[in-house]
Each structure stands twice: as structure tokens, then as C-alpha cells.
Amino acid sequence: MQKRFITIWFRYLKTDWHCRRQPELAGNSFILASPDHGRIVVTAANANAQTQGIYIGMTLADARAIIPQLQIKDDKPELASRLLKGIAEWCIRFTPSVSIDMPDSLVLDITGCTHLWGGEEQYLTVINKRFKHFGYYVKAAIADTIGTSWAIAHFGSDKMIIESNHQSQALLSLPPTALRLEAATVERLEKLGLRSIGTFINMPRTALRRRFGTTFLQRLNQALGNEEEFLQPINAIVYYHERLPCLEPIVTAKGIEIALQRLLEELCDRLKCEAKGLRFASFKGYRMDGKIERIDIGTNRPSNNTTHLFKLFEIKIDSIEPAMGIELFTLEASKVEEIIPTQEKLWDDAAALDDIGLSELLDRIGGKMGANQIHRYVPDEHYWPERSFKPAVSINEKTATQWKVNKPRPLQLLVNPVAIEVTAPIPDYPPMLFRYRGKIHKILKADGPERIEQEWWLQEGKHRDYYSVEDEEGNRYWLFRSGHYDADKTYRWFLHGFFA
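Residues numbered from 1 in each chain as written. Predicted model: local features only at pLDDT ≥ 70, side-chain atom pairs only at ≥ 80, totals over all residues. Heavy atoms only, no water.

Enquirer: Any chance you could explain the overall build of the protein here in plain terms?
Expert: A tally of helices and strands in the protein yields 13 helices and 19 strands. In terms of C-alpha radius of gyration, the protein reaches 36 Å, well past the compact-globule figure of 23 Å for 500 residues. Across its three principal directions, the C-alpha atoms of the protein cover 110 × 65 × 50 Å. A burial count over the protein gives 43% of its 500 residues as buried. Of the contacts made within the protein by residues no fewer than 6 positions apart, 57% connect residues no fewer than 24 positions apart. Element-wise, carbon and sulfur atoms account for 51% of the exposed surface of the protein, whose accessible area totals about 28100 Å². Measuring between centres, the 64 positive side-chain charges of the protein sit 4 Å from its 64 negative side-chain charges. (Helix = DSSP H or I, 4+ residues; strand = E, 2+ residues; numbered from the N terminus. Rg over C-alpha atoms; globule rule 2.2 N^0.38 Å. Buried < 20%, exposed > 50% of the residue type's maximum accessible area, 1.4 Å probe, protein only. Contact = heavy atoms within 4.5 Å. Areas by Shrake-Rupley, 256 points an atom, 1.4 Å probe, with all protein chains shown as cover. Lys, Arg positive; Asp, Glu negative; His and termini not counted. Charge placed at Lys NZ, Arg CZ, Asp CG, Glu CD.)

See below:
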């Protein structure tokens, strides 16, 4: 497919932005100015000021001499880049590949996109109308190469859509500066009488390189299509990305659901063909007012199940505010992994953690409560109970060691043992009663002790003697004494967990 590009030139980018914020400026002559080597110079001027002779780089004193009632505003150094970045993100509704060309242009790779708007003429018309509605004066041109589209947008006057393989004819009458050449090179060309591209386009390339350098020849070849030029999109292109433009703005939840369903079907069909599934996906709606609505989902395992993924998005659809309407929907899977089929076991009734149904259930619960509310733990090789487990990296993580089930352990284990007051008889006997949170618990049954030592390489505390006890109300607790039972009472008692 032949590459096609569009360059959008914002001739009065910064002044148009000020007029959007202060509509009363539109009918007046005003400029933006900033200090430069001890002088105040004009950095931007609106159309009214430029028609009266004001130009960029002129000193403020000269500008005031031409227009005494000239309005002046301070320029901000990063205003142009910030504006172009915001507009470029908005332009993603027209193509996934948008690049910023400082100081006042955007370049879009529109290959394969224009048919969605009914052809290049309609595509160009829509772009011009939308920016005019927003208050920006733009000139846009379409061509096979970035260089030609840029030249026509900045210096063309009539035909703004250049047919394929006709860029050479379109450039003939334009000045050399249309090739994005350095000022010194343009000045040398004019001194030699080469005041249009047509005067040197057919000259021998060796002579042009010798006289004007390789950069000059590169720019000429790029404009003609003899040398490829690459864009640097503001957003990395996601391979698993689907788009759905809307003929009419969508304002209802049902319309959003239909758009989501269509995008999911297309994306999941691609993933199934490649034996892959998504782990993270974003559904975006581009509103008529320029704002972007977005909802994200994540899965515990790679999934290409359309029904399951739709349910995850469906939970969050209510958070989308269509306002005046959404004109474009996109679905992108930013994280994709291969789906490895698991070996089924004929003699097992359940697949445990490998069960797809379990992972889908966890996905739905995580979508409602938050993914950080669900935790899985695996055993860790430590003796002390609070160190004997660790958070799993994922639901798929395999355990390096087995859970120790030869001794009773409480259903609820406290993160940090709580100090308690205990009345206990002779050594190695369980306590008779203990006080916890101001309440005295009388112990009727007890089992123990179970001694748990610390690892020899840690040495962060004394050994522990654990007891499983039951009070008069039938509640069961896990207590331990830290250290040996001695007359000096250097030991202490702690509550570490609760049994069911």
C-alpha cells in the first residue's frame, strides 16, 4: 500500500490559543513577546498584526511604532510544545501515528485511514472544519511523502491533495525553503538565482551534493520519495490495536457496549489466530469536545475469551461520560502473552490453580473490588510462623517448598505477635489465664508446648514455646512464651493467632 501523509500547519498556533481563552482578542492586533539578548522581541503575532507589517523577530519598539495600540502578552517558552502535544493526542482519532514537528506543525501517517471518512477529500475537509470550530487557523496537505505534504501545507496555495507519484510536479513552483533547508543554504541558493525548486530539481545530484552538502540532497530526496523518512509518533504504536470510528456521535450506554463488543471480537480473533491472550487492555472513547474517556482491565492469565473480557469492561462502562458524544472508540492490548495449553489429568476432578474458571472468577472479583484486594501466598523457607510465607508473584507461580501441615496452625495469624499478661505455673506448663485487650480469659484446655527456633543465620530473638489453648467461651488461641522460663522472668508471653 502506498504511504500517505498529511501535514497540518498551525500558522497562528499560540495567538489562536490566546483567542480561545480570551475571545475579545480576536478582532484586535496583539503579539507575544519575550526577552532575547537584552531586547524584547516578537515571538508570535496574530493575523491582524501580521497584515500590518509585524513579523516574528521584530523588536517590540519597532512593533509599537507601527501599531501604537498593539496589545502585548508575555510568551511562555514551552507553550508551543505543550499545545502541539495536546493537539497531537487529540488527533489520534484520525490515525494511530501522529508526530510533532516543532514549532507549529503536526505530521500524520494516514495510510489506510482515509476510507473511513469517505476518501481523502472528506478526510481533509473534516480536519479543517474541526480545527476551525476550535478556533485554530490551519493549512493541511496530503501527499506520498512527509517532505511534500509539509511543503504544500506551508507554501502551497491551491491544490492541497497531491496525487500519488506526482510530488515532483507539485514542488516545482515552490521556493527552496519549502524543502525544510537551513537558512544559510536557502541564502546561497537565492544568490545563485535558484529561487524555486524547479530550477535545480533536475540538476546532477553530484553537483548539488558538492555545492550544498548531503543534508540538502537528503531533504530533496525525501520530498521526492527517493529516500524514506520516518515519523516519531508521540505514542508508541501498539500492535494489538483496534479502532472503530462512528458515523454519528455515540451518547448511550448501549451504543458504547455495542462498540466494545465489536472491538473485542476483532481483537480476540487476532489473538486466537496467534495463540495469544491479553493481560492488560485499554478501551478509549474520543469525545466530540476533545476529551478522552478510558477504562482499563487486567487478567491473571492470558485471555482471548470475548465473553469474559466483555464482562470485565462492562463493570466499568458506567464510568464513561459521553457528554456531546463519542466519535471514535479504540481498544488496545498493551500486554499480551502466549497461551500455553495445560495438560488435563483424567484422574483429577479439578485443575486447582490451573483452572481457567478460577482465574476468570478472580478477574471479575478484582474488577469490582480492585486487583490489589486479592492476594495469594506461597510457603517460604523460614521457621517462625510470620516469616513462613510470602506473597506470590502471580497466580501461576509454582511453590519451591510444601506447606507444613503436620502441626495445627491458626486460621488467622497476626502480622506481629501481641504482648499479653499471663499467669502460668511451673516450667513447660500451659498458662492458667491471660489478659488480652483488658479482658481476662480463663484457660480450660491446652496443648503444647511446641518449640520453634529461629534460623541460625538470623539471631534476631529468643526461641518460642507455642501452646494451643481454649478459654471458657470455647474460643481457641495460639500463645507462645519467648525465651526460657526462669526466676528472673526475662521471658515474655505473646498472642500470635486465632483458631476457628
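This is not the end of the story, as more comes after the structure.
Enquirer: How should the nonpolar core be read in this particular structure?
Expert: Taken as a class, soluble globular proteins show a tendency for nonpolar side chains to be buried jointly. The biggest cluster of nonpolar side chains holds 59 residues, and the ones touching the most others in it are I6, F10, L108, F131 and Y136. By residue number, the principal contributor to this core is helix α4 (residues 79–90), which donates 7 residues. With sequence-adjacent residues up to four places away left out, Y136 is seen in contact with F10, L13, D16, W17, R20, L83, I87 and F131. Y240, L263, F313 and I317 belong to the second largest nonpolar core, which has 25 residues in total. (Core = buried A, V, L, I, M, F, W, Y, C linked by side-chain atoms within 4.5 Å.)

Enquirer: Please clarify how the sheet that holds strand β3 (residues 39–45) should be interpreted in this entry.
Expert: Across a sheet, strands are paired by hydrogen bonds formed along the backbone, either parallel or antiparallel in direction. Spatially, the 3 strands line up as an open sheet ordered β3-β2-β4, and their pairing is mixed. Of all the strands in the sheet, the pair left with one neighbour each is β3 and β4 (71–74). Averaged over all adjacent pairs, the angle separating strand axes in this sheet is 45 degrees, with direction ignored. Looking at chain direction, strand β2 (residues 30–36) and β4 are connected through 4 bridges and run parallel. Its bridge partner being in β4, F30 is matched across the sheet by Q71. (Pairing = 2+ DSSP bridges. Axes fitted to C-alpha atoms, helices over the stretch in contact; angles between N-to-C directions.)

Enquirer: I keep staring at the pattern of salt bridges and nothing clicks. Help me out?
Expert: Side chains bearing opposite charge may pair, as long as their charged atoms lie close to each other. Tallied over the entire structure, the rule returns 23 salt bridges. Residue E229 pairs with R180 through a salt bridge whose shortest N-O separation is 3.0 Å. Here the residue E229 occupies a position in the loop between α10 (214–224) and β8 (241–250), and R180 occupies one in the loop between α7 (167–171) and α8 (183–191), the gap between them amounting to 49 residues. For the pair E229 and R180, one class covers both residues: buried. The salt bridge partner of D289 is R287, with a shortest N-O separation of 2.6 Å. Assessed through its relative accessible area of 32%, D289 is described here as partly exposed. Via salt bridges that share partners, R4, E120 and D144 belong to a single interconnected network. (Salt bridge = Lys/Arg side-chain N within 4 Å of Asp/Glu carboxyl O.)

Enquirer: Explain the sheet that holds strand β5 (residues 97–101) here, please?
Expert: With antiparallel pairing, the 4 strands of this open sheet are ordered in space as β5-β6-β1-β7. Looking along the sheet, the strands with just one partner apiece sit at the ends: β5 and β7 (138–143). Pairwise comparison of adjacent strand axes, ignoring direction, gives a mean angle of 20 degrees for this sheet. Relative to strand β6 (residues 105–109), strand β1 (residues 5–10) is paired through 5 bridges, and the arrangement is antiparallel. Directly across from W9, in β6, lies its bridge partner S105.

Enquirer: Which parts of the structure should I look at to understand the pairing of β5?
Expert: Within a regular strand, the side chains alternate between the two sheet faces. Sheet analysis places β5 next to β6, joined by 5 bridges and oriented antiparallel. Within β6, the position partnered with I100 by the bridge is L106. With antiparallel pairing between neighbouring strands as the criterion, β5 and β6 make up a hairpin whose turn holds 3 residues.

Enquirer: Just checking my understanding: could you explain the packing of aromatic side chains for this structure?
Expert: Each aromatic ring pair is specified by the distance between its two centres and by the angle formed by the two planes. Summed over the entire model, instances satisfying the criterion amount to 22 aromatic pairs. Aromatic side chains W90 and F94 sit 5.5 Å apart centroid to centroid with 70 degrees between the ring planes, which places their arrangement in the edge-to-face category. Here the aromatic rings of Y239 and Y240 are separated by 4.8 Å at their centres, their planes lie at 85 degrees, and the arrangement is edge-to-face. Exposure remark for Y239: the relative accessible area of 55% places this residue in the exposed category. Residue classification places Y240 among the buried positions, given a relative accessible area of 7%. Taken together, the aromatic side chains of F10, W90, F94, W117, Y123, F131, F134 and Y136 make up a single cluster linked through ring pairs. For the cation-ring pair, R270 lies above Y239, with the distance from its terminal atom to the ring centre recorded as 4.8 Å. Over the face of the ring belonging to W384 we find R464, whose NZ or CZ atom lies 3.8 Å from the ring centre. (Phe/Tyr/Trp six-rings, centres within 6.5 Å; stacked < 30°, edge-to-face > 60°. Lys NZ or Arg CZ within 6 Å of the ring centre and 35° of its normal.)

Enquirer: What is the right way to read the side chain of D104 from this model?
Expert: Here D104 shows up in the loop between β5 and β6. Of the side chains with opposite charge, R11 lies nearest to the buried D104, which makes no salt bridge, at 8.3 Å. Here W9 takes part through its side chain, which lies 3.2 Å from a polar atom of the side chain of D104. Residue contacts for D104: discarding those within four places in its chain leaves I8, W9, F10, L13, L84 and H154. (Polar contact = N/O pair within 3.5 Å; in protein donor to acceptor, adjacent residues only side chain to side chain.)

Enquirer: Teacher, can you tell me more about α8 here?
Expert: Each turn of an α-helix holds 3.6 residues, which means side chains three or four residues apart point in the same direction. Buried within α8 we find T185, V186 and L189. Projected down its long axis, α8 shows its buried positions confined to an angular sector of 100 degrees, all on one face. Of the exposed residues in α8, the ones pointing more than 90 degrees away from its buried face are A183 and K191. Buried residues in α8 make contact with α9 (205–212) and α10. Backbone geometry just after α8 places G193 at a positive phi near 80 degrees. (Arc of directions from axis to C-beta.)

Enquirer: Quick question: what am I supposed to make of the environment of L358 here?
Expert: Looking at the element boundaries, L358 is found in helix α13 (residues 356–369). Distance in space between the C-alpha atoms of L358 and I146 is 51 Å, their sequence separation being 212 residues.

Enquirer: Is there a simple way to think about the packing of α9 against α10 in this case?
Expert: Two packed helices can be described by the angle between their axes and the distance between those axes. It is at 7 Å that the axes of α9 and α10 come closest, and there the two elements cross at 135 degrees. Regarding the angle of α9 to α10, the classification is oblique. Of the residues in α10, those in contact with R205, L208, R209 and F212 of α9 are T214, F216, L217, L220, N221 and L224. Of the residues that constitute the contact of α9 with α10, the class distribution is 6 nonpolar, 2 polar and 2 charged. (Parallel < 35°, antiparallel > 145°, perpendicular 65-115°, else oblique. Nonpolar A, V, L, I, M, F, W, Y, C, P; charged D, E, K, R; others polar.)

These results come straight from atomic positions and should not be treated as a statement about function.
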